[in-house]
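# Architecture and fold: a report
Chain by chain, the residues:
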Amino acid sequence: QGLWASALPYVQFFSKPPYPKTKPLLSTKIMWLLPLALAATHPVQLTVDSDGRVVHGLRGVRDDVPLVPDPAAESAQALARDVDELEHRREQLLDQLAQLGAVAQAEALVQQIPVEGGSAAQPAEEKAAGEANGNTAAGEAKEDPAAKDESEDEKKASPEEIAATRREGRVYAVVAAFAALAVIVFELLHLQWSDVDWSKKVPLLDDESGDAHALEELNLEGCKSLAAPYFCAPGKQKPMAIVAILLIVRVGMLAVSYISNELGGKYWDAIQNKDWPMFICALSAFCSILVIEIFAIAYVDYMASMLIIDWRQHLTRLLQKMWFQGQAYYKLQLRGEQVDNAHGLDNPDQRIEGDVGSFCSLWISVFGGAVGAIGQGIVFLPLVYELSPVHPFGIQTIQFQGWLLLASMVYVTLCTYLTHLIGHKLILVGYAQQRFAADFRSSLIRVRDQSEAIALYGGEEREQERLESRFANVKRGVWESMFYSKKLTMSSTFFGAVQELLPILLLGPAFFRGSITLGVFFRLRGALAQLNGSMSWGIDAYGSIAELRSTTNRLVEFQKVMQKVHEKGQTAPAACKANAISFSGVNIKYPDEKPLLRDVNLVVRQGEWTLVSGTEGSGKTTLQRAAAGLWPYVDGTLSLPKDPISFMPPTSKHGLRAGTLREAVSYPDPPGTYSDDSIWDALAAADLQQLLEVDKEAKGSPLDSEEDWTLRLSAGERQRMDIAHLLLAKPAWLFCDELTSHMSAEGAVKAYTTLKTRLPDTTVISVAHNVDQLRPFHQSHMVVDPKTQRLRPEELHDPELTAPMPSR
């Protein structure tokens, strides 16, 4: 009645159409099904009005408490209870009289049986005493079968208890029916509350191509390429030592499990036989084994964590090295490399930061669990075979020694196959989830890095739309994962529950027939649980295996793309014997093979200053990229000097000068490369004295002040900091792109005057637009002709302002 009273408001709510986003017909059916399901199994009296609302008279599980008090009904119920009690007492008296009559009849029959050495009328008590004395003399005392049967009958449940249990079973069946009904209603309604556009096609999730199906395959071949460099590399004693210790401890845990199973059988036998000393001894030994097991479990996890973090460090370094090798991190942005004509390499940073850690943890967990499962099977399979009863299900006419083992194997194999059918989609969904989360995080980082530009443009609404679109994919991925995880959880829970009941169902008949003792029963149940856990490891670990597969896919794709970039990478420019930068018949193309610059012929010898100019998009910056080896779409002969070249990219394209002022001006060199005095001098020479002003409240040197210099400094000031770095580094060769584009004409002239004065031995190639201010500082001028797409020399207009051109 209490359950119904709490559920009544919901019933009335469903009876008030329209229910949100549902049909009135559905709510009406729900309103009728709830009371009818209860009425099918319990005495009920319902009064329902014309609108379908319950208004009076429900009697549910307890018939003596009506929903609405009724004096007449209470009197009738009290009278019915009295009648039921008298009837019950009458049945008890009849049972007692029947038992007394049966005992008297048995005694009369015993007195009529002739006994050797005695009269036929010998009392049954004397005969029993004589038999007991004779058996004692022979050393075989026998228990009275009648007394034994009577004792066993007293232990059995009474008819009243059985009837009560049946009533409880009906109650639980009703609750289960309500639960099933609630699940049906929930499945019909909850997708309308998801706020997901299911009609929108989402990459990967709605892709029916063969590439998507390939991601769903459950194979772990890619783990070899990720694990072998760590475990099989020469000189790697530490990981192998940790693995050896883990294996030893796991073998010890298996021995502990076997001993615990044996001790469990002993104390359960002691309980059955009421053997107190044996019970105490077995329980004490079990507690000692439990202490060993606690230490083993704790330190297995601890040592596994040691192995995980060491492996993660090694694998992270390996992938980072592949990412930086040959400027692959840059070339990926140009090509958008794909793997086997499938999906491109998205978010390599997330793969290194997130997927590596997940892969190492999952690999140790999955393969450690597999090793433990194999060990469990080896230890407990013979035990199950040895202890299992010979007669299947207690049927005496059939003998089959390994029937219990065979039944378990068939059941687990079937469950594993069904689990794979249900959950194999989780591999693709997990892959998609990781990609969607990385895309969303990348969009958030974009807002952080471009905050000033977004604020000046007023692009908050557009960025919000972009983030909403990214997160919609994240949400869709989570819902897809929820669908398959729900099915996998339901199936795994069902299989696990049946697996718990399976030993009881298979061994129950043998135990009740007396073929096995209680101790053997519990030993078999424990051993069978261990064996089933070993064989059904794939079911329990399927979610982890699917996640490991999707993570492995992403890391293996990373390796394949890096290899392709390295294979297609531009051949390193040859060192020029003349100690010059030389372009001879060089053709530079777009990624789609369209020509950008044709037949470039340029020689810049040591000590020369050369100016390169042209219209926007003519290929001036790409010329610098080709010289740096960043642009892979180049053919011809390109030679560089033996000494390193300092390439200075456009300041507006990067915000790398961050951290303390010392770190910012020293980048890419380490902070301690230059002395404080030289840094002060370089900053002053670059007209950045304001950064050196000492704040009275600040502690330490101004060089230790840490700020976001991209936001603190203007574009022109950031270019001045580049010049300060050049004054510190004193490169022998300099290839700069738009070094003074954000300075005033006077500032550009002053900056180049400082470079010319302080770096007299440096060879400079300047790519610039402000030709009028920079022409006087250069000895040659090359212009990109947009029509012919070639470099052509141009005469300097004021020869008096330039150094004489060396002969070529």
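Up top you'll find the structure we're talking about.
Residues numbered from 1 in each chain as written. Predicted model: local features only at pLDDT ≥ 70, side-chain atom pairs only at ≥ 80, totals over all residues. Heavy atoms only, no water.

Before going further, it helps to examine helix H12 (residues 348-387). A rise of 1.5 Å per residue sets the reference length of H12, with its 40 residues, at 58 Å; its end C-alpha atoms lie 55 Å apart and thus fit the reference within 8%. Most pronounced at Asp 355, the bend in H12 amounts to some 40°. (Helix = DSSP H or I, 4+ residues; strand = E, 2+ residues; numbered from the N terminus. Expected span 1.5 Å × (residues − 1). Bend = angle between axes of the 7 residues up to and from the residue.)

Between helix H24 (residues 715-729) and helix H25 (residues 745-758), the least distance of the axes is 11 Å, while the angle of their chain directions is 5°. Comparing the axis directions of H24 and H25 gives the class roughly parallel. Mapping the contact onto sequence places Arg 720, Ile 723, Leu 726 and Leu 727 in H24 and Gly 747, Ala 751, Thr 754, Leu 755 and Arg 758 in H25. Partitioning the contact of H24 with H25 into residue classes produces five nonpolar, two polar and two charged. (Axes fitted to C-alpha atoms, helices over the stretch in contact; angles between N-to-C directions. Parallel < 35°, antiparallel > 145°, perpendicular 65-115°, else oblique. Contact = heavy atoms within 4.5 Å. Nonpolar A, V, L, I, M, F, W, Y, C, P; charged D, E, K, R; others polar.)

For the pair helix H14 (residues 425-449) and helix H16 (residues 460-512), the least separation of the axes is 9 Å and the interaxial angle reads 160°. By the criterion of interaxial angle, the relationship of H14 to H16 is roughly antiparallel. Considering how the two elements wind past one another, H14 and H16 form a crossing that is left-handed. (Left-handed = near helix turned anticlockwise from the far one by under 90°.)

Now for a negative patch on the surface. On the surface, a cluster of negative charge is contributed by Glu 91, Asp 95, Glu 160 and Glu 161. Going through the elements one at a time, helix H3 (71-111) and helix H6 (159-189) are the ones with two or more residues in the negative patch. Within the secondary structure, Glu 160 sits in helix H6. Since its relative accessible area comes to 43%, Glu 160 is described here as partly exposed. (Patch = residues over 30% accessible without salt bridge, like charges linked within 9 Å, V, L, I, M, F, W, Y side chains within 5 Å. Areas by Shrake-Rupley, 256 points an atom, 1.4 Å probe, with all protein chains shown as cover. Salt bridge = Lys/Arg side-chain N within 4 Å of Asp/Glu carboxyl O. Lys, Arg positive; Asp, Glu negative; His and termini not counted. Charge placed at Lys NZ, Arg CZ, Asp CG, Glu CD. Buried < 20%, exposed > 50% of the residue type's maximum accessible area, 1.4 Å probe, protein only.)

What follows concerns the pattern of salt bridges. Scanning all chains against the criterion turns up 20 salt bridges. Its salt-bridge partner being Asp 704, residue Arg 662 comes within 2.5 Å of it at the nearest N-O pair. Of this pair, Arg 662 sits in helix H21 (residues 661-666) while Asp 704 sits in the loop between helix H22 (676-685) and strand S10 (706-707), and the two are 42 residues apart along the sequence. Accessibility expressed as a relative area gives 15% for Arg 662, which makes it buried. With relative accessibility at 40%, the residue Asp 704 sits in the partly exposed group. Salt bridges sharing partners connect three or more residues here, namely Arg 446, Glu 463 and Arg 466.

Before going further, it helps to spend a moment on the pairing of strand S4 (residues 580-589). Residues in a regular strand point their side chains to alternate faces of the sheet. Sheet topology note: the S4/strand S5 (residues 595-605) ladder contains seven bridges and is antiparallel. Following the sheet pairing, Ser 582 is matched in S5 by Val 603. The hairpin turn running from S4 into S5, its antiparallel successor, is five residues long, and Glu 593 in that turn takes a positive phi close to 75°. Looking at chain direction, S4 and strand S7 (residues 634-640) are connected through five bridges and run antiparallel. Each residue of the ladder has a partner; that of Ser 582, found in S7, is Ser 639. (Pairing = 2+ DSSP bridges.)

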